[in-house]
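So you can see what is in the structure, the chains are spelled out below.
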Amino acid sequence: MNILGISAFYHDSAAALIGDGKIVAAAQEERFTRKKHDPAFPVNAVAYCLEEGGIDVGDLDYVVFYEKPLLKFERLMETYLAYAPSGFASFRRAIPVWVKEKLFLPRQMREGMEDLPGEFRAKFVYTQHHESHAASAFFPSPFEKAAIITMDGVGEWTTTSIGRGEGNKVELLEEQRFPHSLGLLYSAFTYFCGFRVNSGEYKLMGLAPYGEPRYCDVIEDNLIDIKEDGSYRLNMAYFNYCQGLTMTNTRFADLFGKPVRKAETDLEEFHMDVAASIQKTTEKVMLRTAAHARELTGCENLCLAGGVALNCVANGRVLREGPFENVWIQPAAGDAGGALGAAQFVWYQLMEKERKVVQPDAQTASYLGPCFDEDAIEAFLKESGAVYERYESDEEMCRKVAGHLADEKVIGWFQGRMEFGPRALGGRSILGDARSTSMQKVMNLKIKFRESFRPFAPSVRRERVDEFFDMRPNEDSPYMLLVADVKEEKRSGDGAALREARGLDKLPVPRSEVQAVTHVDYSARVQTIDEGRHPLYYRLIQEFEGLTGSPVLINTSFNVRGEPIVCTPEDAFRCFMATNMDVLALGKVVLEKSKQPNAVEIDAEAHLSKFALD
């Protein structure tokens, strides 16, 4: 039984294949087209999933779309009518696309797969958007029974849901409906602070620790009314997303006494304080929602999905301050993960197949994308005229790369299957020495070509995670979706210099033994590495630890600003040569930048204009 899940036509299109209940493959379309957040039908991702499963289109039994288009169209029409005539510009832009394309999804999906091998015979199924999120959160989780919270911008009508999963069933019990949306509220502040909506929310979260939450009262007195059970209502007089082409209006700007920040202009302390304030308000809603979910379901475990579940700072607070014993978060928590959840919903819920709980989870480290063998890698490098050295064993390769890391070199790390979801987890990563005092600035400005304030995540051997971070011994955080504080004994100084510094002046202040992964509030977005799920990456960290005594590396995604994470060896080599990366490890092959023909030092300032905003 082969079930193909699809999310498409809005942002972050993806495909996922379930074969007899097992997750065979999953990938976002952007990785193949190189268009970040590509919303198009994921024909390349579908082709990959079928190839990975060893099947063609004719072998598919069901094709499942991750939401119900007619319900979504109903919401759009009702919203436009409610705001008419002020929403006409938005209406005129959106409706022709719906009439020509989105209302005829079976035709669109058939056409999207018509050039793939095999004769299409599958049945189409449509799940609700938040059912897909809930399924993606619960079914791969390590729990037999759990509460489920899904939070995002909006699906059809739902923006937040609380549900319960048990065995092979999920049930949504309560919901919050559009236009009242925590995800859209956070995106409104993303827009107001000059970042790109549906992309720059990470920036807003990263900016928050530089500021003080001075505007929480302004937000909670004027923009959102938060109830004790975590439900809320927005004051729509300040927002423009129902009827216009922007997230906020002039009344919103007047409330804060500042206009919308233009992209790429200087960040002021004001923007940092605003970011800190909306972050704190978001955490407040999530903590109250979690408390209500525990009371409503009686479950001691919690599963999270939806775009808001990528807010790892809030997730960390829910785990440590909330009422649940355990929390599991879908690594592809946004719309891409809906493709996986939709396919699993059909297998377990509709077909009533038995679900066997897998430990530590059924997501297999989220390494669900393409893999490239050594011969293919070498063939490409020879054709490109690259200078490289191939090692006979993984141990030799890891030893060599660990030596470069100990010398404070920046490493492109391309190994095994590509990750599914927005995080690089050790398959398509850029790595560095977390102890370095200069590495955060170097990697942001000279490698990633992005803002200097953005933090990096640590990868740490799970056995030693509690030595460096305020986490339980052997606590599991493989998907980089939880934030924890750096241990007091690992911090530098008494913190006075950091408390006295303002805004971005906090960045160069010494903070800890692992300076490059310690944010200015002493927090870190931790990824734990274990030998079972990450055997090669674990070996590399072991080798590095043998040389330095430190089990912590910087791990950031293998891409530059405005581009998706690399997928192929060609993508990796191109990114390596176009940045100031020092070393590239592709399988057992290692390349040093200094030995490459025509290698030049990249002028970061001049290079920045070549990359789109992210």
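Refer to the structure printed above.
Below you will find a few notes about this structure. (Residues numbered from 1 in each chain as written. Predicted model: local features only at pLDDT ≥ 70, side-chain atom pairs only at ≥ 80, totals over all residues. Heavy atoms only, no water.)

### Digging into the overall build of the chain
Argument step 1. Scanning the chain from N- to C-terminus turns up 21 helices and 21 strands.
Argument step 2. At 23 Å, the chain has a C-alpha radius of gyration in line with the 25 Å of a compact globule built from 614 residues.
Argument step 3. Taken along its principal axes, the extent of the C-alpha atoms in the chain is 65 × 65 × 50 Å.
Argument step 4. Buried residues in the chain amount to 61% of all 614 residues.
Argument step 5. When contacts within the chain are restricted to residue pairs at least 6 apart in sequence, long-range pairs at least 24 apart make up 72% of them.
Argument step 6. Just so you have it, the chain exposes about 23400 Å², and 48% of that area is on carbon and sulfur atoms.
Argument step 7. Here the chain contributes 72 positively and 91 negatively charged side chains, and the mean placements of these two sets differ by 2 Å. (Helix = DSSP H or I, 4+ residues; strand = E, 2+ residues; numbered from the N terminus. Rg over C-alpha atoms; globule rule 2.2 N^0.38 Å. Buried < 20%, exposed > 50% of the residue type's maximum accessible area, 1.4 Å probe, protein only. Contact = heavy atoms within 4.5 Å. Areas by Shrake-Rupley, 256 points an atom, 1.4 Å probe, with all protein chains shown as cover. Lys, Arg positive; Asp, Glu negative; His and termini not counted. Charge placed at Lys NZ, Arg CZ, Asp CG, Glu CD.)

### Some words on helix H12 (residues 312-321)
Argument step 1. The complete set of buried residues in H12 reads Cys312, Ala314, Asn315, Gly316, Val318 and Leu319.
Argument step 2. In this structure, the buried residues of H12 make contact with helix H8 (201-207), helix H11 (269-297), strand E11 (301-305), strand E12 (326-329), strand E17 (482-485) and strand E18 (523-529).

### With respect to the nonpolar core
Argument step 1. Ranked by size, the top nonpolar core spans 135 residues in total, and within it Phe189 and Phe239 carry the most contacts.
Argument step 2. With eleven residues, H11 is the single largest residue contributor to this core.
Argument step 3. Sequence-distant contacts of Phe239, defined by excluding residues within four places in its chain, comprise Leu185, Ala188, Leu223, Leu234, Met247, Thr248, Asn249 and Phe252.
Argument step 4. Within the second largest apolar cluster, 40 residues are counted, among which are Phe414, Met439, Val526 and Val566. (Core = buried A, V, L, I, M, F, W, Y, C linked by side-chain atoms within 4.5 Å.)

### Quick look at the sheet that holds E18
Argument step 1. Pairing is mixed in the open sheet, where nine strands are placed in the order E13-E21-E20-E14-E15-E19-E16-E18-E17. For this open sheet the edge positions go to strand E13 (389-390) and E17, each flanked by a neighbour on one side alone.
Argument step 2. Of the strand pairs in this sheet, strand E20 (residues 583-586) and strand E21 (residues 589-592) are connected by four bridges, and their pairing is antiparallel. Among the inter-strand pairings, Leu584 is bridged to a residue of E21, identified as Leu591.
Argument step 3. Those strands touched by H12 are E17 and E18, and its axis lies near 70 degrees from that of E17.
Argument step 4. Those strands touched by helix H20 (residues 569-577) are strand E14 (411-414), E20 and E21, and its axis lies near 175 degrees from that of E20. (Pairing = 2+ DSSP bridges. Axes fitted to C-alpha atoms, helices over the stretch in contact; angles between N-to-C directions.)

### What about the packing of aromatic side chains?
Argument step 1. Counted according to the given criterion, the structure contains 30 aromatic pairs.
Argument step 2. Ring geometry for Phe65 against Tyr66: centres 5.3 Å apart, planes inclined by 75 degrees, an arrangement best described as edge-to-face. Here the two residues Phe65 and Tyr66 agree in accessibility, since each one is buried.
Argument step 3. Taken together, the ring pairs in this structure connect Phe178, Phe189, Phe192, Tyr215, Phe239, Tyr241, Phe252, Phe256 and Phe270 into an aromatic cluster.
Argument step 4. Sitting over the face of the ring of Tyr10, Lys72 holds its NZ or CZ atom 3.9 Å from the ring centroid.
Argument step 5. Against the face of Phe178 rests Arg75, its NZ or CZ located 4.7 Å from the ring centre. (Phe/Tyr/Trp six-rings, centres within 6.5 Å; stacked < 30°, edge-to-face > 60°. Lys NZ or Arg CZ within 6 Å of the ring centre and 35° of its normal.)

### Quick notes on the environment of Phe573
Argument step 1. Counting through the fold element by element, Phe573 comes out in helix H20.
Argument step 2. The buried category is assigned to Phe573, whose relative accessible area is 13%.
Argument step 3. It is 7.7 Å that separates the C-alpha atoms of Phe573 and Leu584, two residues lying eleven residues apart in sequence.
Argument step 4. Sequence-distant contacts of Phe573, defined by excluding residues within four places in its chain, comprise Phe380, Leu381, Ser384, Ala386, Leu584, Leu591 and Gln596.

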